[in-house]
Amino acid sequence: MSIWWSLHLRREAASVPLARRLLLGTMETAGVDPDVCYDLSLALSEACANAVEHGDGAAEEYRVTAFIDGDTCRIEVTDSGPGFQDRASGPGPHDRSPRTEPTVHRRHAPAPAQAEHGRGLFLIEALTDQVRYRNRTGRRGAVVSFDKILKWREGALLNMS
């Protein structure tokens, strides 16, 4: 059995808990272990918060897509911001050249303890099994996708393996 859903959300802070609750409800109903549910919901919250913060000012929405297939969950968050190479803050560890590296699997260093920003990508990487960063093909925006191997609650009715 597979579960798939996609949301187009307004680029505002109130959309983040909505996406998180929908993911949690889906995983809990499917019988996913609560610790895995928590990790994925926190990773999704960070990715959505990044889309809200870094999305293009003219674009009013971003997209969240989640796939649960067998023992794997994949989540993609797509925005229409400047992408990874063109960040206003200049090149950083998450930036890439679109001609030489189509997808980034790089690990990020944690932000300094006193920093108010910069922990999102590090947290996503710490909470999931595989993370990919890329710019959207043929248009502005970034895609952050991440996978996690699922564990199931004892006696889960919808074990999908």
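Residues numbered from 1 in each chain as written. Predicted model: local features only at pLDDT ≥ 70, side-chain atom pairs only at ≥ 80, totals over all residues. Heavy atoms only, no water.

**Section: the side chain of Asp33**
When you line up the elements, Asp33 lands in the loop between helix H1 (15-30) and helix H2 (34-54). Lacking a salt bridge, the buried Asp33 has Lys151 as its closest oppositely charged neighbour, with an N-O distance of 5.9 Å. At a separation of 3.0 Å, a polar atom in the side chain of Asp33 contacts the main-chain amide nitrogen of Asp35. Excluding residues that lie within four positions of it along the chain, Asp33 makes contacts with Lys151, Trp152 and Arg153. (Helix = DSSP H or I, 4+ residues; strand = E, 2+ residues; numbered from the N terminus. Buried < 20%, exposed > 50% of the residue type's maximum accessible area, 1.4 Å probe, protein only. Lys, Arg positive; Asp, Glu negative; His and termini not counted. Salt bridge = Lys/Arg side-chain N within 4 Å of Asp/Glu carboxyl O. Polar contact = N/O pair within 3.5 Å; in protein donor to acceptor, adjacent residues only side chain to side chain. Contact = heavy atoms within 4.5 Å.)

**Comments concerning the sheet that holds strand S1 (residues 2-10)**
With antiparallel pairing, the five strands of this open sheet are ordered in space as S1-S2-S3-S5-S4. One side of each edge strand has no neighbouring strand; the edge strands of this open sheet are S1 and strand S4 (130-135). When the angles between neighbouring strand axes are averaged without regard to direction, this sheet yields 10 degrees. In this structure, strand S3 (residues 72-78) lies alongside strand S5 (residues 142-149), joined through seven bridges in antiparallel fashion. (Pairing = 2+ DSSP bridges. Axes fitted to C-alpha atoms, helices over the stretch in contact; angles between N-to-C directions.)

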